[in-house]
2 protein chains.
Amino acid sequence: MAKAEDIQFNSLDYDDPMVGRILDAAEQCIHRFGIRRSTVGEVARVGKLSRGSIYRYFADKEALVAGVFKRRQELYLNRTEAALEKEPTLVDKLTHSVVSGRKDMEEGIFASLAETEPETVAMMFLDPSFYRRSVSFWPPHVLMAQEAGEISSDVDVATATDLLMRLAVSLVMFPNMGLGLKTRREIRAYLDQVIKRGLG
Amino acid sequence: MAKAEDIQFNSLDYDDPMVGRILDAAEQCIHRFGIRRSTVGEVARVGKLSRGSIYRYFADKEALVAGVFKRRQELYLNRTEAALEKEPTLVDKLTHSVVSGRKDMEEGIFASLAETEPETVAMMFLDPSFYRRSVSFWPPHVLMAQEAGEISSDVDVATATDLLMRLAVSLVMFPNMGLGLKTRREIRAYLDQVIKRGLG
DNA sequence: GATTAAACAATAATCGTTTTTTGTTTATTT
DNA sequence: AAATAAACAAAAAACGATTATTGTTTAATC
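Everything quoted here is computed from the prediction, not taken from an experiment.

So, how was this worked out
- Every chain is numbered on its own, with residues counted from 1 as its sequence reads.
- The order in which chains are written sets their letters, starting at A; the order in which ligands are written sets their numbers, starting at 1.
- In keeping with the model being predicted, local features are shown solely for residues with a pLDDT of at least 70 and side-chain atom pairs are shown and tallied solely at 80 or more, while totals for entire chains, interfaces and linings include all residues.
- Each side-chain value is derived from all of the structure's non-hydrogen atoms; neither hydrogens nor water enter the calculation.
- When at least one non-hydrogen atom of a residue lies within 4 Å of a molecule or strand, that residue is treated as near it.
- By the criterion applied in these results, polar contacts are pairs of N or O atoms within 3.5 Å in which, for protein atoms, one can donate a hydrogen and the other can accept it, and in which residues neighboring in sequence qualify only through two side-chain atoms.
- By definition, any uninterrupted DSSP run of H or I lasting at least four residues is a helix, any uninterrupted run of E lasting at least two residues is a strand, and each is numbered from the N terminus.
- Ten residues, namely Ala, Val, Leu, Ile, Met, Phe, Trp, Tyr, Cys and Pro, are considered nonpolar, four, namely Asp, Glu, Lys and Arg, are considered charged, and the remaining ones, Gly among them, are considered polar.
- Throughout, a contact is declared for two residues whenever any of their heavy atoms are within 4.5 Å.
- Two parts placed together each lose some accessible area under a 1.4 Å probe, and the buried area is that loss summed for both.
- Helix span, as expected, comes to 1.5 Å for every residue beyond the first.
- Relative accessibility thresholds used throughout: buried, under 20% of the residue-type maximum; exposed, over 50%; partly exposed, between the two (1.4 Å probe, protein chains only).
- Only one rule defines a salt bridge in this text: a Lys or Arg side-chain nitrogen within 4 Å of an Asp or Glu carboxyl oxygen.
- For the domain bounds, the source is a domain assignment made automatically or taken from a database.
- Helix axes are fitted only over the stretch in contact, all axes being lines through C-alpha atoms; the angle between N-to-C directions runs from 0 to 180 degrees.
- Any angle that falls under 35 degrees is termed roughly parallel, while one over 145 is termed roughly antiparallel, one within 65 to 115 roughly perpendicular, and all others oblique.
- Definitions for this section: a left-handed crossing has its near helix turned counterclockwise from the far helix by less than a right angle. A right-handed crossing has that turn clockwise.

Enquirer: Provide a residue-level description of the protein's contact with DNA strand D, including the pertinent values.
Expert: Around DNA strand D sit 19 residues in total, of which Arg37 and Ser53 of chain A together with Arg51, Tyr55 and Lys61 of chain B are the nearest. When the atoms of DNA strand D within 4 Å of the protein are grouped by moiety, sugar and phosphate amount to 73% of the total. Within the side chain of Arg37 of chain A, an N or O atom sits 2.8 Å from a phosphate oxygen of DNA strand D. Take Tyr57 of chain A: an N or O atom from its side chain is 3.0 Å from a phosphate oxygen of DNA strand D. Those elements that place two or more of their residues in the surface near DNA strand D are helix 4 (51–57) of chain A together with helix 3 (40–47) and helix 4 (51–57) of chain B. If one sorts the elements of the surface near DNA strand D by residue count, helix 4 of chain A sits on top with four residues. Residues of the surface near DNA strand D, tallied by class, amount to six nonpolar, five polar and eight charged.

Enquirer: Tell me about the interface of chain A and chain B, and name the residues and values.
Expert: Interface size, as often reported, equals the accessible area lost upon joining of the parts. At the junction of the two partners, chain A supplies 41 residues and chain B supplies 41 residues. Both sides of the chain A and chain B interface together cover about 3700 Å² of buried area, and 73% of this is carbon and sulfur. Area buried by chain A at its contact with chain B is led by Arg166, Met177 and Leu199 of chain A, which between them contribute 24% of it. Across the chain A-chain B interface, the total number found is 18 residue pairs in polar contact (both at pLDDT 80 or more). Elements represented by at least two residues in the side of chain A that touches chain B include exactly helix 8 (118–126), helix 9 (129–135), helix 11 (157–173), strand 1 (176–177) and helix 12 (184–197) of chain A. Here the residues of the side of chain A that touches chain B sort into 27 nonpolar, eight polar and six charged.

Enquirer: Describe helix 2 (residues 17–33) of chain B, listing the residues and the values that go with them.
Expert: All names here are of chain B. Given a rise of 1.5 Å per residue, 17 residues ought to cover 24 Å, and the 24 Å separating the end C-alpha atoms of helix 2 matches this to within 8%. Turning to helix 2, its buried residues number three or more, namely Val19, Gly20, Ile22, Leu23, Ala25, Ala26, Glu27, Cys29 and Ile30. The secondary structure elements touched by the buried residues of helix 2 are helix 3, helix 4, helix 5 (61–85) and helix 7 (109–116). The distance from a side-chain oxygen at the start of helix 2 to the backbone nitrogen of Met18 is 2.9 Å, and the residue carrying that oxygen is Asp16. Remark: Gly34 follows helix 2 within two positions and exhibits a positive phi of approximately 85°.

Enquirer: Go over the pattern of salt bridges, please, and point to the residues and values.
Expert: Residue and element names in this part refer to chain A. Scanning the model with the defined rule gives 20 salt bridges over all chains in all. When the shortest N-O distance is used, the salt bridge between Lys196 and Asp192 registers 2.6 Å. Taken as a pair, Lys196 and Asp192 lie in helix 12 at a separation of four residues, close to a single helical turn. Judged by its relative accessible area of 32%, Lys196 falls in the partly exposed class.

Enquirer: Tell me about the domain arrangement of chain A, and name the residues and values.
Expert: Residues and elements named next belong to chain A. We note that the domain assignment places domain 1 (1–68) and domain 2 (87–200) within chain A. A C-alpha centroid distance of 30 Å is found between domain 1 and domain 2. Taken residue by residue, the interface counts eight residues in domain 1 and seven residues in domain 2. Among the residues domain 1 hides against domain 2, the three largest losses belong to Ile30, His31 and Ile35. Together they make up 63% of the total. Linking domain 1 with domain 2 are zero salt bridges.

Enquirer: Provide a residue-level description of helix 3 (residues 40–47) of chain A, including the pertinent values.
Expert: Restricting attention to buried positions, one finds in helix 3 of chain A the residues Val40, Glu42, Val43, Ala44 and Gly47 of chain A. In this fold, the buried residues of helix 3 of chain A make contact with helix 2 (17–33), helix 4 and helix 5 (61–84) of chain A.

Enquirer: Which residues make up the packing of helix 11 (residues 157–173) of chain B against helix 12 (residues 184–197) of chain B, and what values go with them?
Expert: All names here are of chain B. In the contact formed by helix 11 and helix 12, the axes pass within 12 Å of each other and the chain directions differ by 155°. Judged by the angle between their axes, helix 11 and helix 12 are roughly antiparallel. Helix-helix and strand crossings are classified by hand; for helix 11 and helix 12 the assignment is right-handed. Here helix 11 contributes Leu164, Leu167 and Leu171 to the contact with helix 12, which in turn contributes Tyr190, Leu191, Val194 and Ile195.

Enquirer: Can you lay out the protein's contact with DNA strand C for me, pointing to particular residues and giving the numbers?
Expert: In the vicinity of DNA strand C lie 19 residues, with Arg51, Tyr55 and Lys61 of chain A together with Arg37 and Ser53 of chain B positioned nearest. Restricting the count to atoms of DNA strand C within 4 Å of the protein gives a sugar and phosphate share of 72%. Between DNA strand C and Val40 of chain A there is a distance of 3.0 Å, counted from a phosphate oxygen to a backbone nitrogen or oxygen. At 3.1 Å from a phosphate oxygen of DNA strand C is found a main-chain nitrogen or oxygen belonging to Ser50 of chain B. Residue assignment for the surface near DNA strand C shows that the elements contributing at least two residues are helix 3 and helix 4 of chain A together with helix 4 of chain B. Per-element accounting of the surface near DNA strand C gives the leading share, four residues, to helix 4 of chain B. Of the residues in the surface near DNA strand C, the class split is six nonpolar, five polar and eight charged.

Enquirer: A description of unusual backbone geometry should follow, citing residues and the corresponding values.
Expert: Positive phi outside glycine occurs at Lys48 of chain A, with the angle close to 50°. Within the element layout of this structure, Lys48 of chain A appears in the loop between helix 3 and helix 4.

Rendered as structure tokens:
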């Protein structure tokens, strides 16, 4: 019992078919109408379930919306994590993250939201908690790169992770900041330079 | 003649006392009430001039607001540029930029705007044109650092500038992203590492 | 010649009202 | 035991009428 309360603090279990249906419907609504114009009643109608059920799993509309984006992000991280297995080096991994990150921003739910509620998207992007989850993502890959001798073992993992995150976020957020890094090859060359030797 | 039209494309001349009065008044209004609640009439009253004069120098309210922020940014760049003269190395220069950039964000016009209209501030931060002016800022310093042997001459100036910009913007925008870089010394150490050797 | 004050239509903000939505609860159904 | 439907007060959104603001123009003033 007391599901909605748990979800506030613990994470959603996407395996629960009810949660999945709710999030699917909510995401569809957000995708089509944006957050403001999506009502809980509409989500219920689209998901063919009752409003009561939604409020059983989500404390309020805000939590529901957060759940949609949380799932999207989790999905992105899972997919990216899987894809990175096949990338040989840390530089390749980061390149892949940037490329797929940009793609998600251009054609995912963010793209449609950006058209109807750009300020909301801007606020999300600037919210530090938006990136918190991703921070735990890189350390293992940093360690691997250190063991493989790709990067130095002198630099501590937290510092390396910080730099990787900043580069990835910056490159997704600002495709061209002085330099116009468009193609995968350009991005890779840039990251290779920056990570391997900085400006030294 | 035809001042307002020129200003659209050329830059404002802050030496013109009328322009200065208008911008002073506008900035004061924005600082106290935010953009939405600031009216051109109120700006005129505060600046003790006529609405007509404001429209003589600025095409519309949007241009006026843009002018306020443009001047602020120009002032920041000028002050920073001057302060950098005294900083011995590129790393010190960038450190200074980050520290003073953070200070401006915390106590300048952005801080007050962020309280009343956070979405507006978020939108400005994510607007690439916000950083365009700063891009022309770094190349001379990069060249100096290359001549001094602080950084390699192999890296082209545009690439170096791009990295410096990304680091500065990221560190101002996200004070802690994994690592919590608070003090001047921490920031300097981080930048020294990243710029001089990357993760290699 | 530039600044101002006043007048003006077009646009946008505000206000009070009505309607919708939210979030909670209750009884009923699966 | 969980999902539903219905009912409900409180909060928020939508609406239309009113007021304020914008941006332009005009003639008067410095």
